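Listed below are the residues making up each chain.
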Amino acid sequence: MGIHNLAKLIADQAPAAIKEGEMANYFGRKIAIDASMSIYQFLIAVRQNGENLTNDSGETTSHLMGMFYRTIRMIENGIKPVYVFDGKPPQLKSKELEKRLERRTEAEAEKTKAADAGDGEAFDKFARRTVKVTREHNDDCKRLLTLMGVPYVDAPTEAEAQCAALVKQGKVYGVGTEDMDALTFGADVLVRHLTFSETRKMPIREYSLTKALQGLGINFEEFTDLCILLGCDYCDSIKGIGQKRALDLIKQHRNIETILKNIDKKKYAVPDDWAYEQARQLFKVPEILPADATDLKWTEPDEDGLVSYMVKEKGFS
DNA sequence: ACTCTGGCTCAAGACGAG
DNA sequence: TTGAGCCAGAGT
DNA sequence: CTCGTCC
């Protein structure tokens, strides 16, 4: 997921693009957040004895717990979050998704084995690998957000692409995510560690795309090709080319076509049917909602509705 | 000497009681 | 699953 | 700070 080693490359080659700060700096700021990614993290992390938290009817509540407290924390700090939900993944990602499904199926079997063997530790490990965000998880969270007066957006495809679009459209200040590909989608401001900075001793790290491009000495088109060389979700990369060689090659040849004409293909095997052009298109013109299709409004929470939903329906206290 | 790979590890959210 | 960090080993 | 609990 994301762009392989991009954070490290920027830290090494364009350190001026990174600014460290604290929660208070974001008071009054609107921030787009990948909802599906957050939910996934909550489902993986919020567990007890290897199982998600559930209410009396057996419905999972880990995602609601996580999203509820995290969102409250942000609002308390004056941040206005807008959550963006994933739509249909693009075709190019299907290979990657197939792989993930395969791994989940495998983990499912291992989980059962561990349960039979009474191996709690292994069960725990494999249970985390079987996590999948479902329609129900998403719907629960949308319901919660509505009651909290926090807006959300349904992305046509990739949530990160839509988050970046909101930045470009001037609707939010930046994207709050751990996933560096928000930059590749053209978000000028990416904020990492936005939420766990207070609980843990991790400073908030803000990445500026503009400054990264300046520091690396390349333009945005070249940056896109650089990200593809580093390794993205949409196609393979060239074995033997990592952060250093990728940046050198881009600086020297400015695009992948020219690089391909000039590198020694015996040393660096180019993948068969390399779909770098399609990947490039996905980053350049991803499917996103036009500015007038999203209306972001933050309102007062519906307290009665929240109590009714969380306490009565979902068993919170 | 530098760079990349692939092996391994670990943690993963948020809160508050003690 | 992800990512990050670390380290050994091999390729350039 | 660490650890147990949240549901």
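Please refer to the structure placed before this passage.
This report concerns the structure included in the present document.

Cut-offs applied
- Residues numbered from 1 in each chain as written.
- Chains lettered and ligands numbered in written order.
- Predicted model: local features only at pLDDT ≥ 70, side-chain atom pairs only at ≥ 80, totals over all residues.
- Heavy atoms only, no water.
- Helix = DSSP H or I, 4+ residues; strand = E, 2+ residues; numbered from the N terminus.
- Rg over C-alpha atoms; globule rule 2.2 N^0.38 Å.
- Buried < 20%, exposed > 50% of the residue type's maximum accessible area, 1.4 Å probe, protein only.
- Contact = heavy atoms within 4.5 Å.
- Phe/Tyr/Trp six-rings, centres within 6.5 Å; stacked < 30°, edge-to-face > 60°.
- Lys NZ or Arg CZ within 6 Å of the ring centre and 35° of its normal.
- Polar contact = N/O pair within 3.5 Å; in protein donor to acceptor, adjacent residues only side chain to side chain.
- Near = heavy atom within 4 Å.
- Pairing = 2+ DSSP bridges.
- Axes fitted to C-alpha atoms, helices over the stretch in contact; angles between N-to-C directions.

As a further point, take the overall build of chain A. Of the regular secondary structure elements, chain A holds 14 helices and nine strands. In terms of overall dimensions, chain A is globule-like: its C-alpha atoms have a radius of gyration of 21 Å, near the 20 Å expected for 317 residues. Based on the C-alpha atoms only, the size of chain A along its principal axes is roughly 65 × 50 × 35 Å. For chain A, buried positions account for 49% of its 317 residues. If you take every contact in chain A between residues at least 6 apart in sequence, the share linking residues at least 24 apart comes to 71%.

All told, the structure shown has seven aromatic pairs when counted by the stated rule. When the ring of Phe-85 is compared with that of Tyr-152, the centres are 5.6 Å apart and the planes differ by 80 degrees; the resulting orientation is edge-to-face. Of the two residues, Phe-85 is situated in strand β5 (residues 80-85) and Tyr-152 in strand β6 (residues 152-154); the sequence distance between them amounts to 67 residues. Residue Phe-85 is classed as buried on the basis of its relative accessible area, which comes to 1%. A residue is classified by how much of its surface remains accessible, and Tyr-152, at 31% relative accessible area, is partly exposed. Across the ring face of Tyr-173, the terminal group of Arg-29 is positioned such that the distance to the ring centre comes to 3.9 Å.

Quick look at helix α10 (residues 220-230) now. Along α10, nine of the eleven residues are buried, which leaves the element largely enclosed by surrounding structure. Structurally, α10 contributes buried residues whose contacts are with α1 (6-13), α8 (181-184), α9 (209-216), α11 (243-253), α12 (256-262) and α13 (276-284). Sitting at the head of α10, Asn-219 places a side-chain oxygen 3.1 Å from the backbone nitrogen of Glu-221. With its phi angle positive at about 115 degrees, Gly-231 sits one or two positions after the end of α10.

The local shell around DNA strand D consists of Arg-47, Gln-48, Leu-53, Thr-54, Asn-55, Thr-61, Met-65, Lys-314, Gly-315, Phe-316 and Ser-317. When atoms of DNA strand D within 4 Å of the protein are sorted by moiety, sugar and phosphate together comprise 55%. Within the side chain of Thr-61, an N or O atom sits 3.0 Å from a sugar or linking oxygen of DNA strand D.

This part is about unusual backbone geometry. Positive phi is not limited to glycine here, since Asn-5 has a value of about 65 degrees. With respect to the element layout, Asn-5 can be found in the segment before α1. Here Asn-5 falls in the partly exposed class, since its relative accessible area comes to 31%. For Asp-273, which is not glycine, the phi torsion reads 45 degrees and is therefore positive.

This part takes up the sheet that holds strand β2 (residues 30-34). Strand order in this open sheet of seven strands is β1-β9-β8-β7-β2-β5-β6, and the pairing throughout is mixed. Lying at the two open borders of the sheet, with one neighbouring strand each, are β1 (18-21) and β6. For this sheet the average axis-to-axis angle between neighbouring strands, irrespective of direction, equals 25 degrees. This element, helix α2 (residues 35-45), spans β2 and β5 of the sheet and lies at about 90 degrees to β5. Against the sheet, helix α3 (residues 62-76) contacts β2 and β5, and its axis sits at roughly 145 degrees relative to β5.

None of the figures reported here should be taken as evidence of function without further support.
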